[in-house]
Each structure stands twice: as C-alpha cells, then as structure tokens.
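Summary of structural features
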Amino acid sequence: QVLLDESGGGLVQAGGSLRLSCTASGRSFRNNTMSWYRHSPGKEREFVGGSNWIGDVNYADSVMGRFTISRDNAKNIMYLEMNSLVVEDTAVYYCAARVIRSANVPDDARLYTYWGHGTQVTVSS
C-alpha cells in the first residue's frame, strides 16, 4: 500500500516559519515528481510547488522566495520549508506524487496519482 504522510503543521504567528515533511512508504518516488498543494475553506485547491527527481523546482508565484522545497530521496521524504508566513498561507497542506516518470513539475492536480491526508497550517496575525 502506497502512503504519503504529511507532518509538521501547526499554529504559527505571521512572520514565522514551519517545515512540513511528506514521508512516502510502499514504493520509492526517487524517480518521480512530487509536489505540495494547499486548500483553505472557500478557495480552490492551490498548487504550492513541486520538485522532480533531478532537483528542478516549480513554485507558485504566491510563495516564491518564501517557501523552499527539498527532497531526501534516500529516505523517500519531501520537505516544504515555509518562511515569512502570512495569514493567507493558512490552509491544509497536501503532498502529491506522480506515477509517470517525467521531468515536468505540473501544477495540474489531475496529473498526480498519490495524495496524502493533509496537515493543517494556521497562521495567526
């Protein structure tokens, strides 16, 4: 059974930082693109950013320069380092993984096969 398990969410004040982890089990994603999405009430699910196995990264404009994605392929973990958090970053954050081996880092959620259960990030003012 393939599982993606997000952790590291919590409550943080605006301007603060959090690091999320996405731990994969059941198969290796070292040769696949993995990405982060977020969803907040009243809004559509939003692409945050993603990374292919080469290290190419694609970020949403809203998080560019504040968020950093990294991967430890040996441990099958993807990280999301979030700095300078703002209230608008409040959401449930999900990690997702593609099955197809492609260097693309798409923002289209339909192209991702595996999804985690999400971790809540709340930024207070």
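Nothing here was measured: the structure is a model prediction, and the numbers come from that model.

If you tally the helices and strands in the protein chain, you get 0 helices and 11 strands. Counting helices and strands in the order they occur from the N terminus, the protein chain gives β-β-β-β-β-β-β-β-β-β-β. Here the protein chain has a C-alpha radius of gyration of 13 Å; the compact-globule value for 125 residues is 14 Å, and the two agree. In terms of its C-alpha atoms, the protein chain occupies a principal-axis envelope of roughly 40 × 25 × 25 Å. A buried classification covers 44% of the 125 residues belonging to the protein chain. At a minimum sequence separation of 6, the contacts of the protein chain that also span at least 24 residues come to 60%. Carbon together with sulfur atoms contributes 48% to the accessible area of the protein chain, which is approximately 6,300 Å² in total.

Okay, the pattern of salt bridges next. On inspection of all chains with the given rule, the structure shows 4 salt bridges. For E46, the salt bridge identified is with R38, shortest N-O distance 2.7 Å. Given a relative accessible area of 29%, E46 falls into the partly exposed group. Here R38 falls in the buried class, since its relative accessible area comes to 6%.

By size, the foremost hydrophobic cluster in this structure holds 25 residues, and its most contacted members are L4, W36, F67, L80, M82 and Y93. Broken down by secondary-structure element, the contributors of at least two residues to this core are β3 (18-25), β4 (34-39), β7 (67-72), β8 (77-82), β9 (91-97) and β11 (119-124). When near neighbours in sequence (up to four residues on either side) are disregarded, M82 contacts G16, S17, L18, L20, R66, F67, Y93 and V121. The next biggest cluster of nonpolar side chains, apart from the first, holds 6 residues, and it includes Y37, F47, V105 and A109.

Applying the stated criterion across every chain yields a total of 5 aromatic pairs. Look at F29 and Y114: their rings are 5.7 Å apart centre to centre, the planes differ by 70 degrees, and that puts the pair in the edge-to-face class. Of this pair, F29 sits in the loop between β3 and β4 while Y114 sits in strand β10 (residues 114-115); the two residues are 85 residues apart in sequence, bridging distant segments of the chain. By relative accessible area, which is 0% here, F29 ends up buried. Judged by centre distance (6.3 Å) and plane angle (70 degrees), the rings of Y112 and W115 are edge-to-face. Cluster of aromatic residues (ring-pair linked, three or more members): Y37, F47, Y112 and W115. Of note, R45 hangs over the ring of W115, and the distance from its end group to the ring centre comes to 4.6 Å.

Secondary-structure assignment places E6 in strand β1 (residues 3-7). Buried charged residue E6 carries no salt bridge. Nearest counter-charge: R45, at 9.8 Å. Among the polar contacts listed, one links the side chain of E6 to the backbone nitrogen of C95, at a separation of 2.8 Å. Only 3.0 Å separates the side chain of E6 from the backbone nitrogen of H117, close enough to count as a polar contact. Discounting chain neighbours no more than four positions away, the residues touching E6 are S21, C22, W36, Y93, Y94, C95, G116, H117, G118 and T119.

Reading the values: rules and limits
- Residues numbered from 1 in each chain as written.
- Predicted model: local features only at pLDDT ≥ 70, side-chain atom pairs only at ≥ 80, totals over all residues.
- Heavy atoms only, no water.
- Helix = DSSP H or I, 4+ residues; strand = E, 2+ residues; numbered from the N terminus.
- Rg over C-alpha atoms; globule rule 2.2 N^0.38 Å.
- Buried < 20%, exposed > 50% of the residue type's maximum accessible area, 1.4 Å probe, protein only.
- Contact = heavy atoms within 4.5 Å.
- Areas by Shrake-Rupley, 256 points an atom, 1.4 Å probe, with all protein chains shown as cover.
- Salt bridge = Lys/Arg side-chain N within 4 Å of Asp/Glu carboxyl O.
- Core = buried A, V, L, I, M, F, W, Y, C linked by side-chain atoms within 4.5 Å.
- Phe/Tyr/Trp six-rings, centres within 6.5 Å; stacked < 30°, edge-to-face > 60°.
- Lys NZ or Arg CZ within 6 Å of the ring centre and 35° of its normal.
- Lys, Arg positive; Asp, Glu negative; His and termini not counted.
- Polar contact = N/O pair within 3.5 Å; in protein donor to acceptor, adjacent residues only side chain to side chain.

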